[in-house]
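Chains, contacts and geometry: an overview
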Amino acid sequence: MKNEKKIYVIGHRNPDTDSIVSATAYARLKQLQGNASCAAARAGKASAQTEYIFSRFDVELPEFLPNLVPKAEHYASRDVLSVKEDDSLWNALELMRKGDFKVLPVVDGEGAYKSMLHYKGFANYIIANINPSRKSAFPISLNHLSQTIHAQPVALFDGAEVRKSRIVVAASDGAHFDDTLRSEGAENAIVIVGDRHDIQRSCVELGVRALVLSNGTAPRKEIADLANERHVTLLISPFDTSSTAMLIIYSVMAGNLGDTSAPLVRLKDTVRSFRDTLSKAPSRCLAVADDDGRLVGVISEGDLAKEPNVEVILVDHNEPSQAIEGIENYRILEIIDHHRLGNLSTRHPITFINRVVGATCTIVTNLYREQKVPLEKPMASILLCGILSDTLSLKSQTATETDAEAVEYLSSITGLDVAALSADIQGATGRIGALSAKEIVSMDLKEYTEKGAAFSISQIETHSPMALVQRREEILKHMEETCAEKGLLFCALLVTDVTLLDSLLFITGKKSFVSLINFPLTTDGIYELVGVVSRKKQLVPLMAELLSIHAAAEAK
Ligand SMILES: [Mn+2]
C-alpha cells in the first residue's frame, strides 16, 4: 500500500442538495481528468430531497464524514513490512536490519496483528531466557533451526513442529554425557557435537530431538542410516560449535518475542485518544489495524509531525464555521462557492472560484464546459436538480442568467423537462409535519460570525408555512435552547413559502438585537418578510447591517 493522499471534495455541514451534488459532480470531473485520489464526501445526512435525486438518477451518495478530526488513518505509514508469528527471529531481525526499522509488527497467518517486535523486547527476552544458572529451553521448530544455521539436512523429521527444547553442547566425555542426557530427557535435547563418533551414536540411540554436527562434519554412513531409522533429525552446520549454538537461539519464533503490551490502534481512532500511549510505546511506535484487526500500518510520533494524507476541496461554502469539524488540520486546495466571503485564511495559495450565481452546481456545470470534459448523463441530471433546488426553480432572487443558461444546457443534454423535474424535486422535499422542531431547525442550519458575534440562520422551504406557525411555541423554544447551548447572539429560521415566494422569519436571541428588526411582526417571534426567499442574498446582508448597528450601540 502506498501513502497516497486522498482529496475530499466536500460541502458545508447540514448539507443541502446543491452542496452534495456539486461535491459529487466536481469530484467526478477531477477523476475524469486523471485525479483518481479525488472523492466526494458529505458533512451530514442527506435530506429527503437529496436522497430522492440521487436514487432517481442512480448515483451513489458520497461518503458520509461525521468529522475530519485527525485520526490514525490520516497519519499512519501504510507501506509497512511485518513478520509472521511462526517465522524465525533471525528472519525478523534481518528485515529490521535491512529496512532500518525500530519495530516490526508480528501477524498471524490471516494478517491479524499479534504483537510488536522491537530491540528492547529482544534484549528482555535474552536476559529472561539465557541464564547460565538455569537450563533454558526455547520453543523451536527444526525447519527454522535448519534454515537459521544454513544447515545441510541429512535427516529431518517433524520439521514444522514447535517444541520447547534445550540446547546441549556435547563437551564432556562420553559416559558422563550420556547420563546427563538421559536424566534430563533426551527427546527434548538439541545436541551440538563435532567429530565425536561415540557421542553422535549414543545421541541417536538415546533418541535426541536433533543432532547438529558442527564445522561441516559429515556423519559416517552408519550414523546417518541409524538417524533415519530412529527418526532422529540430523543436520550438518557449516559453523563451529559456539557459532552454531548462538545461532540456534535466533531460530526461535518471532511470535515468542513480540511485545503484547503495546495496544493496537484502529484506523478510526482519533490522534487525541492515543497520543499519550504512543509517547510511552516502545520506539514511540504503535501498530495500526482495520476494523477486522488486520494490520494495515504503523504510526510513530514522527508520522504525526508530517502532513496528513488528506487534503480538501470545499464547495458551496467558504466560512470555517460552516465547514466540517476539524477542517483546520488539513490543507485546502480549492474553494468553489457562490456565498459571501467569510473569514477564512489559508497557509498556501489556493484555487478560489466564487461567482455570483444561484447555485454552486451552475459553476461546476460550467467548469465541465470550460475544461472541455463531456458531462456524463447521471452527473448532468443531478446538476440540473442541484441548480433547480438551490434557485427555487430559477424563481429565487439569487438566480441569474448564468443559472438559466446552465439549466437550459443541462435539460437539453439530459432530455429532462424542467417544469416536471422542478415539481418532482419540490414534492420530494419531505413532509414537514413529520419533522421534529429540532429537525426543522437543524436540517439546513448555517452558522456565521460577524463583528465578533456568532449566530445561526436555518432555512426551510414549504408549501404551507402556516403548519409551522401553528407549532410556533415548540420551534421557538428549541431555537432558544440552541441559542443558549451554542452561545449565539441570535438563532433564526427562514420559512420560505415556495408557492408565494415570501418568507416568515422565526427568531430568538438577545433582545437588544431582535428589537432592531423592523419587519412587520405577525406574532411574537415571527416576522413577515415579503418577497424575501434567499437567506444568502437577502437575509444575511440585512442581518450583517443590523449587527453593525447593534455593535455600535453596545460599544456606547
Ligand atoms: Mn448553494
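All of these numbers come straight from a predicted model, not from anything done at the bench.

Describing the overall build of the protein chain
- Along the backbone of the protein chain there are 22 helices and 24 strands.
- At 36 Å, the protein chain has a C-alpha radius of gyration far larger than the 24 Å of a compact globule built from 556 residues.
- Seen through its principal axes, the protein chain has C-alpha atoms that stretch 115 × 55 × 45 Å.
- Taken over 556 residues, the protein chain has a buried fraction of 53%.
- The contacts of the protein chain with a sequence gap of at least 6 include a subset with a gap of at least 24, amounting to 63%.
- Carbon and sulfur atoms form 51% of the exposed surface of the protein chain, whose accessible area is close to 25,400 Å².
- Distance between charge centres in the protein chain, computed from 59 positive and 71 negative side chains, equals 3 Å.

So, the packing of aromatic side chains
- Summed over the entire model, instances satisfying the criterion amount to five aromatic pairs.
- Relative to Phe490, the ring of Phe455 has its centre 4.8 Å away and its plane inclined at 20°; by these criteria the two rings are stacked. A residue pair is termed long-range when its members are at least 10 positions apart, and Phe455 in strand E20 (residues 453–462) and Phe490 in strand E21 (residues 490–497) qualify at 35 residues.
- Its relative accessible area of 1% is what places Phe455 among the buried residues.
- You can call Phe490 buried: its relative accessible area is 0%.

Here we look at the domain arrangement of the protein chain
- Segmenting the protein chain into domains produces domain 1 (6–70 + 309–429), domain 2 (72–124 + 256–304), domain 3 (150–250) and domain 4 (437–555).
- One C-alpha centre belongs to domain 1, the other to domain 3, and the line joining them spans 74 Å.

Looking at the pattern of salt bridges
- Summed over the entire model, instances satisfying the criterion amount to 25 salt bridges.
- Here Arg369 makes a salt bridge to Glu405, at a shortest N to O gap of 3.2 Å. Here the residue Arg369 occupies a position in helix H14 (residues 360–370), and Glu405 occupies one in helix H16 (residues 401–414), the gap between them amounting to 36 residues.
- The exposure class of Glu405 is partly exposed, given its relative accessible area of 39%.
- Lys510 is the salt-bridge partner of Glu554, the closest N and O atoms lying 3.0 Å from each other.

Considering the coordination of the manganese ion
- Coordination of the manganese ion by the protein is provided by Asp18 (OD), Asp316 (OD), His338 (NE2) and Asp390 (OD), with metal-donor distances spanning 2.2 to 2.4 Å.
- For the manganese ion, all donor residues lie on one chain, and their spacing in sequence is D-x297-D-x21-H-x51-D. With Asp316 in the loop between strand E16 (310–315) and strand E17 (331–337) and Asp390 in helix H15 (residues 377–390), this residue pair connects regions lying 74 residues apart in the sequence.

Some words on the sheet that holds strand E11 (residues 210–213)
- Pairing within the open sheet is mixed, and its six strands lie in the order E7-E9-E10-E11-E12-E8. Whereas interior strands pair on both sides, the edge strands pair on one side only; in this sheet they are strand E7 (137–141) and strand E8 (152–155). Neighbour-to-neighbour, the strand axes of this sheet turn through a mean angle of 30°, independent of strand direction.
- Here helix H8 (residues 197–206) sits on the sheet and contacts strand E10 (189–193) and E11; the angle it forms with E11, its principal contact strand, is near 160°.
- Of the strands in this sheet, E7, strand E9 (162–169), E10 and E11 touch helix H10 (residues 241–249), which is tilted by about 155° from E10.

Notes on the environment of Lys438
- When you line up the elements, Lys438 lands in helix H18 (residues 437–442).
- The spatial distance from the C-alpha of Lys438 to the C-alpha of Glu474 is 9.3 Å, given a sequence separation of 36 residues.

Here we look at empty space enclosed by the protein
- On inspection of all chains with the given rule, the structure shows one cavity of 30 Å³ or more.
- Put simply, the largest cavity is a space of about 500 Å³.
- Lining the largest cavity are 31 residues; nearest its centre among them are Asp16, Asp390, Asp444, Gln459 and Glu461.
- Mapped by element, the contributors of at least two residues to the lining of the largest cavity are helix H1 (17–32), helix H2 (48–56), H15, E20 and helix H22 (535–555).
- Among the elements that take part in the lining of the largest cavity, E20 stands out by supplying three residues, more than any other.
- Taken together, the residues of the lining of the largest cavity sort by class into seven nonpolar, 15 polar and nine charged.
- Summarising the domain contributions, the lining of the largest cavity has at least three residues from each of domain 1 (6–70 + 309–429) and domain 4 (437–555).

With respect to the sheet that holds strand E13 (residues 265–266)
- The strand order across the open sheet formed by three strands is E13-E14-E15, and the pairing between neighbours is mixed. The open sheet has two edge strands with one neighbour each: E13 and strand E15 (295–300).
- In the sheet, strand E14 (residues 285–289) pairs with E15 via five bridges, with the strands oriented antiparallel. From the neighbouring strand, Leu286 faces E15, where its bridge partner is Ile299.

About the criteria used
- Residues numbered from 1 in each chain as written.
- Predicted model: local features only at pLDDT ≥ 70, side-chain atom pairs only at ≥ 80, totals over all residues.
- Heavy atoms only, no water.
- Helix = DSSP H or I, 4+ residues; strand = E, 2+ residues; numbered from the N terminus.
- Rg over C-alpha atoms; globule rule 2.2 N^0.38 Å.
- Buried < 20%, exposed > 50% of the residue type's maximum accessible area, 1.4 Å probe, protein only.
- Contact = heavy atoms within 4.5 Å.
- Areas by Shrake-Rupley, 256 points an atom, 1.4 Å probe, with all protein chains shown as cover.
- Lys, Arg positive; Asp, Glu negative; His and termini not counted.
- Charge placed at Lys NZ, Arg CZ, Asp CG, Glu CD.
- Phe/Tyr/Trp six-rings, centres within 6.5 Å; stacked < 30°, edge-to-face > 60°.
- Domains from an automatic or database assignment.
- Salt bridge = Lys/Arg side-chain N within 4 Å of Asp/Glu carboxyl O.
- Donors = N, O, S within 2.8 Å, 3.2 Å for Na, K, Ca; no water.
- Pairing = 2+ DSSP bridges.
- Axes fitted to C-alpha atoms, helices over the stretch in contact; angles between N-to-C directions.
- 1 Å grid on protein atoms, 1.4 Å probe; cavity = no way out; pocket = protein on both sides within 12 Å on 5 of 7 lines; lining within 4 Å.
- Points joined across faces, edges and corners; volume = space filled by probe spheres on them.
- Nonpolar A, V, L, I, M, F, W, Y, C, P; charged D, E, K, R; others polar.

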